[in-house]
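Listed here are the chains, written in short residue letters.
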Amino acid sequence: MTPDHPAALTARQIVRSLVGAGVRDVVISPGSRSAPLAYALHAAEHAGWLTLHVHIDERSAAFVALGIARYRPAAVVTTSGTAVANLHPAVLEAHHSHLPLVVLSTDRPHELRGVGANQTTDQVGIFGTAVRWQGELPAAHTAAAAVTGVNAAVLRAVVAATGIRSAHPGPVHLNVAFRDPLTPAAGWEPGEAPAGGPVTGDDLTQTVPTLLPRGPRTVIVAGDGAGAAGLDLAAASGWPVLAEPTSGVRTAPQAVAAPRVLTDVLGREVERVVVLGRPTLSRQISALLARSEVQVVVAGPGPDWVDVAGSASLVTRAVTVLDEPTAQERHWWARWQRASIRAEAVLEELVESRQGPLGGSSVARMVLRSAADADTGAGGPAAVVLGSSMAVREADLAAGVGEGFPSVPVLANRGLAGIDGTISTATGVALATGGPVRALLGDLTFQHDVGGLARGRLEPEVDLQLVVLNDDGGSIFATLEHGQPELAEIYPRIFGTPQGLDLAALAAGFGATHHRVDTADHLRSLLGDPPRGRSVIEVPLDGDSARERALDLHAAIRAEVVEATSAGST
């Protein structure tokens, strides 16, 4: 049998190697130079080797792959030129969130670079230091050259992406050049899937944890992605936990409600902080970590640990503590617990009150409470995705803790905290879990990735519900120094940026259903049903009154916390 064209042979070997290394999800955008991989991936999907996802916008496609990569390694394939550059935001997010994203960009042969050939630029190294590994496969002239070194390059890429040998997962980039012809001479019947499975190797995450002594007044700061390590330390130590919504630790019994308000009141008494994950939400906690008299211990497996203030006195892969809490530590926890109970009571009253307009905090609490109450077994979401602007901050302030917080993953793109790609990321999460996903985001976050609502007619439907806090602009800036009264004249145009979006028309244009809600009862009824198909729940907010209610809520919680802790201070 005559061998096929070199481009087709290279593409098929890449697909074999990807599957053999454990990659089962590939997202692709249409293009000509990437056609050899498109043909090979299509055949592999029909053979049951993998699942292929097609999204026309490369930027959206990369964020879809990013959402899948939160659960398992995923690859994204693009044609040459600007298509590759459109992956950069998702690559940066994967870099800072430690997600195994494999980028396969396709390219012209080397002799067509730098001579003005169409759709050709320097793609090698385009992502700079954001990738764990980068490599290139040159365009082959012969059948023998088409497969030489392919398996080694792909295996190296997947090993680097999954972080198995370095305990430092993240994005990788393999640039693949193809020569014409780009269409295979004959069809490919892949046959049985390659033997093997997920790449195995030395797991450097399994190390002896550092033993911390009892004694100092200690809190655990659990940032984005703290995960099981935070739960284990909370259970072993009994120390109060300041857990962000996406930490995976908010369900711990020691997690406290309204952590930034409690830190504002009790933080001055903290003597030691143990940091896990990537804490980025609260200025109060950032200030705590910057205090020179506080011992800061950072626990994390990767080389890019979090120490923004440069104040860490100990950086280690893992920590643990022995023995039972001392009497002083039990008293320390009791003060935080009392404060948390009082804060939770204020928040519960907020949700139960059905009078007046909805606010961001009450919506965030209802969204997360509905997911916690459903507990997936009753048809709730398989995951909740939060926009990285005000939505995640509203959730941080107002969401419950312990059993009042969802046991399902609560996710956000907190690696670089960008609002772009949120809808596409949530789509990827839905594809990865196979279950319904609910996302909470603002109107500008919605606009940034409205194309992520698009679904090709030949692609599977996802169950994705977007709850949009529509205050007609970027309200987060009003909470910063830009929202000061003396800047009121210029604020709306360069910071507030009202857009006047017609969310109902946008949803309809992309084939999604739309609901506009103005009352807690209406929102509660919509959240009571599991998401089906793509839908948008629009919650109109008056920006000025919403900010006033947020300030009032913060003040009410603080007053309760001060009263709860003053009697038991030491």
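Residues numbered from 1 in each chain as written. Predicted model: local features only at pLDDT ≥ 70, side-chain atom pairs only at ≥ 80, totals over all residues. Heavy atoms only, no water.

Colleague: How would you summarise the sheet that holds strand E4 (residues 101-107) if you had to cite specific residues and measurements?
Modeller: Strand order in the open sheet made by the 6 strands is E2-E1-E3-E4-E6-E5, with parallel pairing throughout. Lying at the two open borders of the sheet, with one neighbouring strand each, are strand E2 (51-54) and strand E5 (133-137). Neighbouring strand axes in the sheet, compared pairwise and without regard to direction, differ in orientation by 20° on average. (Pairing = 2+ DSSP bridges. Helix = DSSP H or I, 4+ residues; strand = E, 2+ residues; numbered from the N terminus. Axes fitted to C-alpha atoms, helices over the stretch in contact; angles between N-to-C directions.)

Colleague: Outline helix H18 (residues 520-527), listing residues and values.
Modeller: Among all positions in H18, only Ala520, Leu523, Leu526 and Leu527 are buried. In an axial view of H18, the angular spread of the buried residues amounts to 130°, which keeps them on one side of the axis. (Buried < 20%, exposed > 50% of the residue type's maximum accessible area, 1.4 Å probe, protein only. Arc of directions from axis to C-beta.)

Colleague: Explain the packing of aromatic side chains to me, using residue names and the numbers behind them.
Modeller: Following the criterion strictly, the structure yields 2 aromatic pairs and no others. Each ring, one from Trp332 and one from Trp336, has its centre 5.7 Å from the other, and the planes form 75°; the classification is edge-to-face. In this pair, Trp332 and Trp336 are both assigned in helix H11 (residues 327-352), 4 residues apart and thus about one turn of the helix distant. A single burial state applies to Trp332 and to Trp336, both of which are buried. (Phe/Tyr/Trp six-rings, centres within 6.5 Å; stacked < 30°, edge-to-face > 60°.)

Colleague: Please give an account of the packing of H11 against helix H12 (residues 360-374) that cites residues and values.
Modeller: Relative orientation of the contacting elements H11 and H12 amounts to 95°, with a least axis distance of 9 Å. On the basis of their axis angle, the class for H11 and H12 is roughly perpendicular. Residues Glu344, Leu347, Glu348, Leu350 and Val351 of H11 pack against Ser361, Ser362, Arg365, Met366 and Arg369 of H12. When grouped by side-chain class, the residues that make up the contact of H11 with H12 number 4 nonpolar, 2 polar and 4 charged. (Parallel < 35°, antiparallel > 145°, perpendicular 65-115°, else oblique. Contact = heavy atoms within 4.5 Å. Nonpolar A, V, L, I, M, F, W, Y, C, P; charged D, E, K, R; others polar.)

Colleague: Give me helix H7 (residues 150-162): which residues, what numbers.
Modeller: With 13 residues, H7 should reach 18 Å at 1.5 Å per residue; the first-to-last C-alpha distance of 18 Å fits that figure. Considered for burial, the residues of H7 that qualify are Val150, Ala153, Val154, Ala157, Val158, Val159, Ala160 and Ala161. Residues of H7 that are buried in the fold lie against helix H1 (6-20), E4, E5, helix H6 (143-147) and strand E6 (172-177). Immediately downstream of H7, the backbone of Gly163 shows phi near 70°, a positive value. (Expected span 1.5 Å × (residues − 1).)

Colleague: I'd like to hear about the packing of H12 against helix H13 (residues 390-398), residue by residue, with values.
Modeller: Each pair of packed helices gets described by two things: the angle between the helix axes and the distance between those axes. Packing of H12 against H13 leaves a shortest axis separation of 8 Å and a crossing angle of 75°. The pairing of H12 with H13 is recorded here as roughly perpendicular in orientation. Residues Gly360, Ser361, Ala364, Arg365 and Leu368 of H12 form the contact with H13, whose own contacting residues are Glu394, Ala395, Leu397 and Ala398. A breakdown of the residues in the contact of H12 with H13 according to their chemical character gives 5 nonpolar, 2 polar and 2 charged.

Colleague: Quick one: what's the story with the pairing of strand E10 (residues 272-276), residue by residue and with numbers?
Modeller: Walk down a regular strand and you will see the side chains alternate between the two sheet faces. The element E10 is extensively covered by neighbouring structure, given that 5 of its 5 residues are classed as buried. With 5 bridges connecting them, strand E8 (residues 218-222) and E10 associate as parallel partners. Bridge pairing in E10 links Val221 to Val275. Of the pairings in the sheet, the one linking E10 to strand E11 (residues 295-299) comprises 5 bridges and is parallel in character. By the bridge assignment, Val273 is partnered in E11 with Val296. Handedness of the crossover is the feature at issue here: the chain leaves E10, passes through helix H10 (residues 283-290), returns alongside E11, and the resulting connection is right-handed. (Right-handed = clockwise from strand over helix to strand, strands pointing away.)

Colleague: Describe the environment of Ser535, listing the residues and the values that go with them.
Modeller: Position of Ser535 among the secondary structure elements: in strand E19 (residues 534-540). Judged by relative accessible area, Ser535 falls into the buried class, the value being 5%. For the pair Ser535 and Gly48, spaced 487 residues apart in sequence, the C-alpha separation works out to 30 Å. In this structure Ser535 touches Leu464, Gln465, Leu466, Ala512 and Thr513, once residues within four positions along its chain are discounted.

Colleague: Outline the pattern of salt bridges, supporting the account with residue identities and numerical values.
Modeller: Any two side chains of opposite charge can pair, given that their charged atoms come close. Throughout the structure, instances matching the rule amount to 24 salt bridges. Residue Arg250 pairs with Asp396 through a salt bridge whose shortest N-O separation is 3.3 Å. Residue Arg250 is found in the loop between strand E9 (241-243) and helix H9 (259-266), and its partner Asp396 is found in helix H13; the two are separated by 146 residues along the sequence. In this structure, Arg250 and Asp396 share a single accessibility class: buried. A salt bridge links Glu344 to Arg365; the nearest nitrogen and oxygen atoms lie 2.4 Å apart. Here Arg365 lies in helix H12 and Glu344 lies in helix H11, a separation of 21 residues in the sequence. (Salt bridge = Lys/Arg side-chain N within 4 Å of Asp/Glu carboxyl O.)

Colleague: If you had to explain the pairing of E4 to someone new, which residues and values would you point to?
Modeller: Taking burial as the measure, the 7 residues of E4 include 7 buried ones, the bulk of the element. Pairing analysis gives 6 bridges linking E4 to E6, with the strands arranged parallel. Looking at the pairing, Ser105 lines up with Asn175 of E6.

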